[in-house]
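Descriptive structure summary
Spelled out, the chains give:
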Protein chains: 2
Amino acid sequence: MSIQILMKPFEHLRNNIEKHVQFSDSEFEILSGFFKQKKINKKEFLLQYGEISRLEGFVTQGLLKIYTIDYEGKDHTIYFADSDWWVGDIGSFTNQTPANLFIEAIEDSEILYISFEDKEKLFQELPKVEELFRRMGQFRLIALQQRLIDHLSKTADTRYEEFITKYPQIANRLTNLHIASYLGISHEFLSKIRRKRTHHK
Amino acid sequence: MSIQILMKPFEHLRNNIEKHVQFSDSEFEILSGFFKQKKINKKEFLLQYGEISRLEGFVTQGLLKIYTIDYEGKDHTIYFADSDWWVGDIGSFTNQTPANLFIEAIEDSEILYISFEDKEKLFQELPKVEELFRRMGQFRLIALQQRLIDHLSKTADTRYEEFITKYPQIANRLTNLHIASYLGISHEFLSKIRRKRTHHK
């Protein structure tokens, strides 16, 4: 985390994508030429339900919340995007259809982003990014499948323990309401889990 | 469905992948050379929890259930794979790590499959499949994200209605227990939803 904050945004991006595929300096120059920088202030939206997602973003600073709202007006967080995470509504972006998610900054944030049109051009200009996005897609599929499995088959207590263990650097920056929304439980039930936990220590 | 059953398995595969990317006859010949056929009888497993997934399959006939089992021994269905669906544990296959899913045939089934090693060779021999798997990955991500959103934000009644409307050809072949496992509710609660529905007609 502290190392990432010191990195320049494009170094940060290179570091992230080279976990999947290596690029030469000239290849990375082509790729990075398609990305632009953007700031999103706390409480601002990068995407709202019903809009068409025009961009795919890579978080270089801050923290965003990706969520949906149910028929009762309650929000359900799909995931939090800390720095080094990609952010977007894959369905809306890929098919250029209305989003069924909200993306909101919960801290002042900065992203690098690529537009839908530029991503298409990038695939033409540098076919090697096919492998990159194929591998990144696998990575996201694995994470999303695990999120669904956890939600279907684990208790809220276990999911809470695993969340704070797996993402301590995120958990510390969230309110109880944020965490309850991610775990799919009420604020009151989360307080109960926390009290029980303190008691057992 | 009826058309697909009349198709030969490899025609079926070509039909499926060309929804994403077009291949010439000679390209498809290279691709299909890496796939083998396999039968899985009803109640047999294609993958069990803890095993390493060695193959990625494409269903040409039958129906399979992909599920996890919780700490109480209750099963939770992630999805059903009818003919024209791909089947596998993406995490276990990609990283060659132990599976956290079971894949079981609930009808006598037939698949075409590619092994982990052959898939790596296929990417070398026919780089165009990078685009294919990139696009198929997007497609799966969209479906999985929607599944998670539905589960987090919709009532069981709504999810039941949407399931039987979206997949009538699957719903007809499933028991109440199968459907309850997919919806994440008890058998009894599903019966209650069904009675209420009949009553309202």
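In case you missed it, the structure is sitting above this.
In this report, we go over the structure that sits alongside the text. (Residues numbered from 1 in each chain as written. Chains lettered and ligands numbered in written order. Predicted model: local features only at pLDDT ≥ 70, side-chain atom pairs only at ≥ 80, totals over all residues. Heavy atoms only, no water.)

Okay, the relation of the copies chain A and chain B next. Structural alignment of chain A on chain B gives an RMSD of 0.0 Å, achieved by rotating through 180° and translating 0.0 Å along the axis. Put plainly, the chains are arranged around a two-fold axis. Closest approach to the rotation axis within chain A is made by the C-alpha atom of A:Arg134, at a distance of 2.0 Å. A share of 100% of interface residues in chain A that are also interface residues in chain B marks the association as one of identical surfaces. (Least-squares fit on C-alpha atoms with pLDDT ≥ 70 in both. Contact = heavy atoms within 4.5 Å.)

Counting from both sides, the interface comprises 35 residues of chain A and, opposite them, 35 residues of chain B. There are two salt bridges connecting chain A and chain B. The salt bridge partner of B:Glu130 is A:Arg134, with a shortest N-O separation of 2.8 Å. Taken together, the connections running from chain A to chain B amount to eight residue pairs in polar contact (both at pLDDT 80 or more). At the level of elements, β5 (75-82), α4 (90-95), α5 (116-125) and α6 (129-153) of chain A are the ones that each hand at least two residues to the side of chain A that touches chain B. Per-element tally for the side of chain A that touches chain B: the top contributor is α6(A), with 19 residues. Split into classes, the residues belonging to the side of chain A that touches chain B amount to twelve nonpolar, 14 polar and nine charged. (Salt bridge = Lys/Arg side-chain N within 4 Å of Asp/Glu carboxyl O. Polar contact = N/O pair within 3.5 Å; in protein donor to acceptor, adjacent residues only side chain to side chain. Helix = DSSP H or I, 4+ residues; strand = E, 2+ residues; numbered from the N terminus. Nonpolar A, V, L, I, M, F, W, Y, C, P; charged D, E, K, R; others polar.)

The next point concerns the nonpolar core. Among the nonpolar cores identified, the biggest contains 46 residues, and A:Ile66, A:Ile78, A:Val87, B:Ile66, B:Ile78 and B:Val87 are the most heavily contacted of them. If sequence neighbours within four positions are ignored, B:Ile66 has contacts with B:His76, B:Thr77, B:Ile78, B:Tyr79, B:Ala81, B:Val87, B:Leu101, B:Phe102 and B:Ile103. (Core = buried A, V, L, I, M, F, W, Y, C linked by side-chain atoms within 4.5 Å. Buried < 20%, exposed > 50% of the residue type's maximum accessible area, 1.4 Å probe, protein only.)

A few words on the pattern of salt bridges. Residues and elements named next belong to chain A. Taken as a whole and assessed by the stated rule, the structure comprises 34 salt bridges over all chains. For Asp118, the salt bridge goes to Lys121, with nearest N and O atoms at 3.5 Å. Separated by three residues within a single helix, Asp118 and Lys121 lie in helix α5, roughly one turn from each other. According to the relative accessible area criterion, Asp118 is buried, its value standing at 12%. Here Arg135 ties to Glu131 by a salt bridge, and the two come within 2.9 Å at their closest N and O atoms. On the criterion of helical spacing, the pair formed by Arg135 and Glu131 is a turn pair, its members being four residues apart in helix α6. The exposure class assigned to Glu131 is partly exposed, which follows from its relative accessible area of 24%.

For the coordinates displayed, the defined rule picks out 28 aromatic pairs over all chains. Considering the side-chain rings of A:Phe93 and A:Phe116, the 5.6 Å spacing of their centres and the 75° angle between planes classify their relative orientation as edge-to-face. Here A:Phe116 lies in helix α5 and A:Phe93 lies in helix α4, a separation of 23 residues in the sequence. On the basis of an interplanar angle of 45° and a centroid distance of 6.1 Å, the ring pair of B:Phe80 and B:Phe163 is categorised as tilted. On the criterion of sequence distance, the pair formed by B:Phe80 in strand β5 (residues 75-82) and B:Phe163 in helix α7 (residues 156-166) is long-range, its members being 83 residues apart. By relative accessible area, which is 2% here, B:Phe80 ends up buried. For B:Phe163, a relative accessible area of 4% gives the class buried. Put simply, the rings of A:Tyr79, A:Phe80, A:Trp85, A:Phe163, A:Tyr167 and A:Tyr182 pair up and form one aromatic cluster. Seen from the ring of A:Phe23, A:Lys128 lies directly overhead, with NZ or CZ sitting 5.1 Å from the centre. (Phe/Tyr/Trp six-rings, centres within 6.5 Å; stacked < 30°, edge-to-face > 60°. Lys NZ or Arg CZ within 6 Å of the ring centre and 35° of its normal.)

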